[in-house]
Amino acid sequence: YLDKLCKNYEGWERSHYVSSMGLYTQIADRDGMENGIGGDGIRTTINSYMYGDAMAIYNIAIMLGNTSLANEYKAKADKLRTNVMTKLWNEKEAFFETINENGDFVNVRELIGYVPWYFNLPHDDTKYSNSFSQLLDSNGFLAEYGPTTAEQRDSAFMSKLRPGCRWDGPSWPFATAQTLVASANLLNNYKNNNTYDKGDWFDLLKTYTKSHYKNGYPWVAENIHPITGEWIVDYDRSIHYNHSSYTDLVITGLAGLRPEDNNDYVTVNPLLEKGDLKYFMLENISYRGHDITIVYDESGTHYNIGTGLFIYVDGTISASSKTITALKVSLK
């Protein structure tokens, strides 16, 4: 599929690339994020997606030994990365924001400002990671059924008259899932972070869990009121949108299975703090020809195998810790 991936990338370059900015533009509606406060323009979404695409093509080209193509797409990715960090970062508001058609920042923090971390795009600098404090601020994105898709301090928050597909504040499972992946990447792949910790991530997952219900039964639709928990867009079509990715978040975040490029090991880093969960087991994960089981038992009395975190590979304990911590697990 490499040739097709390249042709797809080139198509986006022809139709959406703004050469004077070295960035991509997109209509909010075509991002699936219509009726938002930030609106159309040079958005963090499309530019992060294009960075992710370029890095994927680069990595596939490396695997195939196509050095010239790898160098070409690595250069594209590096340029895009630099331009996102220097041009979409609003220094005044300390956040990645949309630039509108007039070339100005929209001056509203939206949840899409975290999408760059979905692809590990920002540099490892507290200048950028401090923006995650907005997930902990009730004037920012923190809400009972949040996170909100726009900051609550903005005068246009939840102001759209259109009752359905709107991104001026309602909580969307699609956006929440993006944010949980992005913040998990922050906790796993970045060192310079003084703002957001494992307990904060688990709290957000619990909030997300609570929103997966309607009338006491498991449910997920399109968007939910962040304050009341009432589903806003809940049509017959809504349940087929597959917006949640909840299972992936439990496996890679809560239980902490982090796939690696190296086939000789895998990292397990549960995004929990002591007391968050008394115990859990994620059993029989098929991973690159191995059977992996992750077990945590705070007291050691639930599973009766000991106290702490245990990683089984093909039925044998390969790594363990008395506390919840990141473990590098050998697969040899």
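These lines cover the structure that appears in this document, whether it is placed above or below. If you're wondering where the values come from, they're calculated on a predicted model, not measured in any experiment. (Residues numbered from 1 in each chain as written. Predicted model: local features only at pLDDT ≥ 70, side-chain atom pairs only at ≥ 80, totals over all residues. Heavy atoms only, no water.)

Read across the sheet, three strands follow the order E9-E10-E15 without closing on themselves; strand pairing throughout is antiparallel. Bordering the open sheet on either side are strand E9 (257-258) and strand E15 (327-330), each of which pairs with just one other strand. The pairing of E9 with strand E10 (residues 265-268) spans two bridges and is classified as antiparallel. Its bridge partner being in E10, Leu257 is matched across the sheet by Val268. (Pairing = 2+ DSSP bridges. Helix = DSSP H or I, 4+ residues; strand = E, 2+ residues; numbered from the N terminus.)

Further remarks concern the pairing of strand E14 (residues 316-321). Sheet topology places strand E13 (residues 308-313) next to E14; five bridges connect them, and they run antiparallel. Residue pairing across strands places Val313 opposite Thr316, the latter belonging to E14.

Take the packing of helix H1 (residues 2-16) against helix H2 (residues 44-64) next. Taken N-terminus to C-terminus, the directions of H1 and H2 make an angle of 150°; their axes are 11 Å apart at the nearest point. What the angle tells us is that H1 and H2 run roughly antiparallel. For the pair H1 and H2, the sense of crossing is left-handed. Facing H1, whose interface residues are Leu2, Leu5, Cys6, Asn8, Tyr9 and Trp12, H2 presents Ile46, Met50, Asp53, Ala54, Ile57, Ile60, Ala61 and Leu64. Here the contact of H1 with H2 is composed, by residue class, of twelve nonpolar, one polar and one charged. (Axes fitted to C-alpha atoms, helices over the stretch in contact; angles between N-to-C directions. Parallel < 35°, antiparallel > 145°, perpendicular 65-115°, else oblique. Left-handed = near helix turned anticlockwise from the far one by under 90°. Contact = heavy atoms within 4.5 Å. Nonpolar A, V, L, I, M, F, W, Y, C, P; charged D, E, K, R; others polar.)

Turning our eyes to something else, we now look at the sheet that holds strand E11 (residues 279-287). If you walk across this open sheet you meet the four strands as E11-E12-E13-E14, and the pairing is antiparallel. Where the open sheet ends on each side, the last strands, each with one partner, are E11 and E14. Direction aside, the axes of adjacent strands within the sheet are offset by 15° on average. As paired elements, E11 and strand E12 (residues 290-297) share seven bridges and run antiparallel to each other. Opposite Ile285, over in E12, you have Ile292 as the bridge partner.

With that settled, the discussion passes to the nonpolar core. Among the nonpolar cores identified, the biggest contains 78 residues, and Tyr114, Trp117, Trp201, Ile292, Ile294 and Ile311 are the most heavily contacted of them. Of all the elements, helix H6 (residues 173-189) adds the most residues to this core, at eight residues. What Trp117 contacts, discounting residues up to four positions off in sequence, is Phe96, Pro122, Tyr128, Ser129, Ser131, Phe132, Ala182, Asn185, Leu186 and Tyr190. (Core = buried A, V, L, I, M, F, W, Y, C linked by side-chain atoms within 4.5 Å. Buried < 20%, exposed > 50% of the residue type's maximum accessible area, 1.4 Å probe, protein only.)

What follows covers the environment of Tyr208. Along the chain, Tyr208 falls in helix H7 (residues 198-210). Judged by its relative accessible area of 1%, Tyr208 falls in the buried class. A polar side-chain atom of Tyr208 sits 2.8 Å from the main-chain carbonyl oxygen of Ser244. (Polar contact = N/O pair within 3.5 Å; in protein donor to acceptor, adjacent residues only side chain to side chain.)

With that settled, consider the environment of Asn242. Residue placement: Asn242 occurs in the loop between strand E8 (231-233) and helix H8 (246-254). Placed 153 residues apart in sequence, Asn242 and Trp89 show a C-alpha to C-alpha distance of 31 Å.

Before going further, it helps to examine the pattern of salt bridges. As enumerated under the stated definition, the model contains 14 salt bridges in all. Between Glu144 and Lys210 there is a salt bridge whose closest N-O contact spans 2.5 Å. Highlighted residues: Glu144 in the loop between helix H5 (126-129) and H6 and Lys210 in helix H7, separated in sequence by 66 residues. Owing to a relative accessible area of 46%, Glu144 belongs among the partly exposed residues under this scheme. Owing to a relative accessible area of 34%, Lys210 belongs among the partly exposed residues under this scheme. Across the pair Glu151 and Arg153 runs a salt bridge whose closest N-O atoms are separated by 2.6 Å. Arg153 gets classed as partly exposed once you look at its relative accessible area, which sits at 37%. Taken together, the salt bridges that share partners define one network made up of Arg109, Asp137, Glu151 and Arg153. (Salt bridge = Lys/Arg side-chain N within 4 Å of Asp/Glu carboxyl O.)

Honestly, that's just the spatial picture; any functional story needs more than this.
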